[in-house]
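# A look at the structure
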Amino acid sequence: MSKNRRIARITLSALFSGCLIGIGIWLVGHFTHKAYTYTQNIIISEAQRVKSTDVSKMTLSITPDTTLDDIATALYNEGCITNKDYFILEAKLDNITKGFIPGDYSISSNMSTGKILDLLTTDISIEDQTIKFTIPEGYTIEQIGEVLEEKSIVTKTDFLNAIKNRNYSREYSFLKDVPFHDDYKYALEGYLFPDTYIVYKGITSEEIIVMMLNRFEEILSRYTTYVRSSQYSIHELLTIASIIEQEARLEEERPIISGVIWNRLDAHMKLQMCSTVQYSLNKRKASLSLNDLNEDSPYNTYIYDGLPIGPICNPGEACLKAALLPSEHDYYFFVLQDAQSGTHCFTSTNEEHATAKNKYRQSNDINFTE
C-alpha cells in the first residue's frame, strides 16, 4: 500500500505540475497576446490620429519645471495624443525625457509624437532650422500662397489645396457660423491672420493654416465684448474689416471708412466699393472698366445689395477694430483726394460726391496698381 500511495502521489504531483505549467504557458500566451493587441491598437490609433481630419488643438505652455509626465498629461487631456503612456515610452526610446524649451507652443492632434517632441526640444532661434515669413495686412489667400512658395516653405498649389480640401470648422468655433456658399473663392479668406511667423523647415500647409487660424482666434478674443454686442456676425464684421483694409491707406481714416460702410448698409444703399470688384476679377487692374463694374459676381457690391458673400482679403487687427468701432458721422461717400498720401475726401450727399469726383478725378485705382 505504501508503494502504491507513493506512485499515486508521484502521478498526482506530475499531473499537478503539468497543469501548472500548462496554465503558465496559457497565461503567458494570453497576456502576451493581450499586450501585443493593446500595443498594436495604440499604434493604429496613433496613425489614425495623425491622418484624421477631425483635429484637436491646444496651446501648450512649457516652463523650466515642466516634466515629461506633465506634457503627456496635458496633451492627452486636450485630445492631442491617444495614449499618455505610449507618448512617454516613445520619448524615452528617443532619449527625450528632459531639455524641453520653455515657451508657448501651438499643438494639433495631427502632429506625430516625434514632431511634437522635436518642437518642444528644438530652439527656434537656430536660423538654419527655421524660416521666418511675413504676411502683410490685406493679403489674399492666393498672395499668402505666393509668399510661402517664394520662401520655399510649401508650394502655392499645396497650400491652396489644403485650404480647399479640408474643413477646419470642426476645430474653430468662429468658423462654425460661416454661411455656406458655393461661390466662395476661398471659405477661409479673411481668417488667416497677417503677421510675422517663424516655422520649422518641413512644416506642412495644414500646420501653417492652423497656426494662422490660432493667431486669428487669439486676436479675435480681445474683442469678444464688441463682437457679442454687434448687430453683425463675425463673418460680416470680418467682411467689413477686409473692405476697410483694401480701401483705407491711412490709419486715421479706417474708422471713418468703416462709418461710411455702416451708414450705407443702414440706409440700404449699395456699397459700390471698387475693392470688392477687384477681388471678383481673375487679375487685379490699375483701373476698372464699366464692364468690370457690371461683372456678375456675389462679391460685386456695385450690382448686389449689402455686403459681399465674404471677406475679400485677410485684414489686420486695426481694420478689425475699425469694423467693430466705426466713427459716427453722416458721410455716405468718399473719393481719393491725394494719390501720394492716400487721403480721401468724405461727403454726405450725391451732389457733394459728384463735386468731389470732378475735383479729385483719378484714372487709376490706387490701391491696386501693380
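The notes below deal with the structure included here. This one's a predicted model, so the numbers in the text were calculated from it and none came from an experiment.

### A few points about the overall build of the protein
Looking only at helices and strands, the protein has 15 helices and six strands in total. Total accessible area on the protein is roughly 20,200 Å²; 51% of this is exposed by carbon and sulfur atoms.

### Some points on the pattern of salt bridges
For the structure shown, the criterion picks out eight salt bridges. Across the salt bridge formed by R215 and E218, the nearest N and O atoms sit 3.0 Å from each other. Highlighted residues: R215 and E218, both in helix α8 (residues 205-220), separated by three residues, approximately one helical turn.

### Points about the packing of helix α3 (residues 84-93) against helix α4 (residues 113-121)
It is the contact of α3 with α4, at a shortest axis distance of 10 Å, that shows an interaxial angle of 65 degrees. Of the two possible hands of crossing, α3 and α4 adopt the one that is right-handed. Residue-level inspection shows F87, E90 and A91 of α3 in contact with α4, the latter providing T113, I116 and L117. Split by residue class, the contact of α3 with α4 holds four nonpolar, one polar and one charged.

### Structural notes on the packing of helix α5 (residues 141-150) against helix α6 (residues 156-164)
Their axes nearest at 8 Å, the elements α5 and α6 cross at an angle of 140 degrees. On the basis of their axis angle, the class for α5 and α6 is oblique. Both α5 and α6 take part in a crossing whose hand is right-handed. Seen from α5, the contacting residues are I141, E142, I144, G145, E146, L148 and E149; seen from α6, they are K156, T157, F159, L160 and I163.

### Quick word on empty space enclosed by the protein
A full pass over the atoms with the stated rule returns one cavity of 30 Å³ or more. Put simply, the largest cavity is a space of about 40 Å³. Around the largest cavity, the lining residues are G190, L192, F193, P194, F216, L238, P315, G316, E317 and L320. Here the lining of the largest cavity is built from residues that sort into seven nonpolar, two polar and one charged.

### Details of the environment of I198
Along the chain, I198 falls in strand β4 (residues 196-200). Judged by relative accessible area, I198 falls into the partly exposed class, the value being 44%. Sequence separation between I198 and I131 is 67 residues, and the spatial gap between their C-alpha atoms is 5.7 Å.

### A few points about the layout of surface pockets
Its volume calculated, the largest pocket comes out at about 950 Å³. Taken together, 33 residues make up the lining of the largest pocket; nearest its centre are D104, Y105, S106, I198 and M211. At the level of secondary structure, the elements contributing two or more residues to the lining of the largest pocket comprise β1 (57-62), β2 (103-108), α4, β4 and α8. With seven residues, the single largest contributor to the lining of the largest pocket is α8.

### Some words on unusual backbone geometry
Its identity is not glycine, yet N95 carries a phi of approximately 60 degrees, on the positive side. With respect to the helices and strands, the residue N95 is situated in the loop between α3 and β2. Despite not being glycine, H268 has its phi angle at roughly 55 degrees, a positive value. By the secondary structure assignment, H268 is in the loop between α11 (254-266) and α12 (274-280).

### As for the nonpolar core
If you look at the biggest cluster of nonpolar residues, it comprises 65 residues, and the most contacted ones within it are F133, F159, I208 and L213. Among the elements that take part in this core, α8 stands out by supplying nine residues, more than any other. Contacts of L213, omitting those with residues within four sequence positions, involve Y168, Y172, F174, L175, L188, Y191 and L192.

### Brief notes about the environment of E142
Residue placement: E142 occurs in helix α5. Accessibility expressed as a relative area gives 32% for E142, which makes it partly exposed. For the pair E142 and Y186, spaced 44 residues apart in sequence, the C-alpha to C-alpha distance is 9.2 Å.

Parameters at a glance
- Residues numbered from 1 in each chain as written.
- Predicted model: local features only at pLDDT ≥ 70, side-chain atom pairs only at ≥ 80, totals over all residues.
- Heavy atoms only, no water.
- Helix = DSSP H or I, 4+ residues; strand = E, 2+ residues; numbered from the N terminus.
- Areas by Shrake-Rupley, 256 points an atom, 1.4 Å probe, with all protein chains shown as cover.
- Salt bridge = Lys/Arg side-chain N within 4 Å of Asp/Glu carboxyl O.
- Axes fitted to C-alpha atoms, helices over the stretch in contact; angles between N-to-C directions.
- Left-handed = near helix turned anticlockwise from the far one by under 90°.
- Contact = heavy atoms within 4.5 Å.
- Nonpolar A, V, L, I, M, F, W, Y, C, P; charged D, E, K, R; others polar.
- Parallel < 35°, antiparallel > 145°, perpendicular 65-115°, else oblique.
- 1 Å grid on protein atoms, 1.4 Å probe; cavity = no way out; pocket = protein on both sides within 12 Å on 5 of 7 lines; lining within 4 Å.
- Points joined across faces, edges and corners; volume = space filled by probe spheres on them.
- Buried < 20%, exposed > 50% of the residue type's maximum accessible area, 1.4 Å probe, protein only.
- Core = buried A, V, L, I, M, F, W, Y, C linked by side-chain atoms within 4.5 Å.

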